[in-house]
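# Structural overview for review
Letter by letter, the chains look like this.
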Amino acid sequence: SMFKMIRLFFYMLIGVHLCACMYWRVKMEASSPDELNSFLDQHEVDGENFQDTYIMCFYFVLTVFCTIGFGDIYGVNTAERVYCCFLFLAGACFFGTLVSHINEMVMSVSQES
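## Structural notes on helix 2 (residues 33–42)
For helix 2, the complete set of buried residues consists of L36, F39 and L40. The buried side chains of helix 2 occupy one side of the element, clustering within an arc of 95° when seen end-on. Turned more than 90 degrees away from the buried face of helix 2 sit D34, D41 and Q42, all of them exposed. Check the buried side of helix 2 and you find it contacts helix 1 (2–30) and helix 3 (50–65). Positioned one or two residues after helix 2, E44 has a phi angle of 55°, which is positive.

## Concerning unusual backbone geometry
With a phi close to 55°, E44 is a non-glycine residue in the positive phi region. Judged by relative accessible area, E44 falls into the exposed class, the value being 74%.

## Considerations on the nonpolar core
Judged by nonpolar contacts, the single largest core of 26 residues is most densely connected at M56, F60, V61, F65 and L87. Of all elements in the fold, only helix 1, helix 2, helix 3 and helix 4 (78–112) reach the threshold of two or more residues within this core. Per element, the largest residue contribution to this core is 8 residues, and it comes from helix 1. Every residue in contact with F65, bar those within four places of it in the chain, is listed here: G15, V16, C19, L87, A90, G91, F94 and F95.

The rules behind these values
Residue indices follow the written sequence of each chain, beginning from 1 at its first position. Only residues with pLDDT of 70 or above have their local features reported here, since the model is predicted, and side-chain atom pairs are shown and tallied only from 80 upward, although totals for entire chains, interfaces and linings are computed over all residues. Excluding hydrogens and water, the side-chain figures rest on all heavy atoms present in the structure. We call a residue buried when its accessible area falls under 20% of the maximum for its residue type, exposed when it is over 50%, and partly exposed in between, using a 1.4 Å probe and counting protein chains only. Helix and strand assignments come from DSSP, with helices taken as H or I runs of at least 4 residues and strands as E runs of at least 2, each series counted from the N terminus. Here the arc refers to the set of directions running from the helix axis out to each C-beta atom. In this description, contact between two residues means that some pair of their heavy atoms is separated by no more than 4.5 Å. As used in this record, nonpolar core signifies buried Ala, Val, Leu, Ile, Met, Phe, Trp, Tyr and Cys residues forming a set joined through side-chain atoms within 4.5 Å.

Below is the structure:
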């Protein structure tokens, strides 16, 4: 049961990591250098600092996957909006799977007791 929870958490981190990297790739490909700099400035991220950029992208994807969606980061052009639609669908599937697995683990533990 504990192993399943750790494995699920690990898969979640990998999924969020991959989607965060893809979000940044789409952002870089679909934005002009001025738009990209403006975006980074708006979110107080140093474009030269890879860690800050990665954390911002990871944060965005995690808010989508956890169905929080603060609205501070969003798609501003067609390519980003298409990618965000993919993220919304992936996030809904992820959240449903997560709830299902947690329910299964709770039921398993309660049946063992």
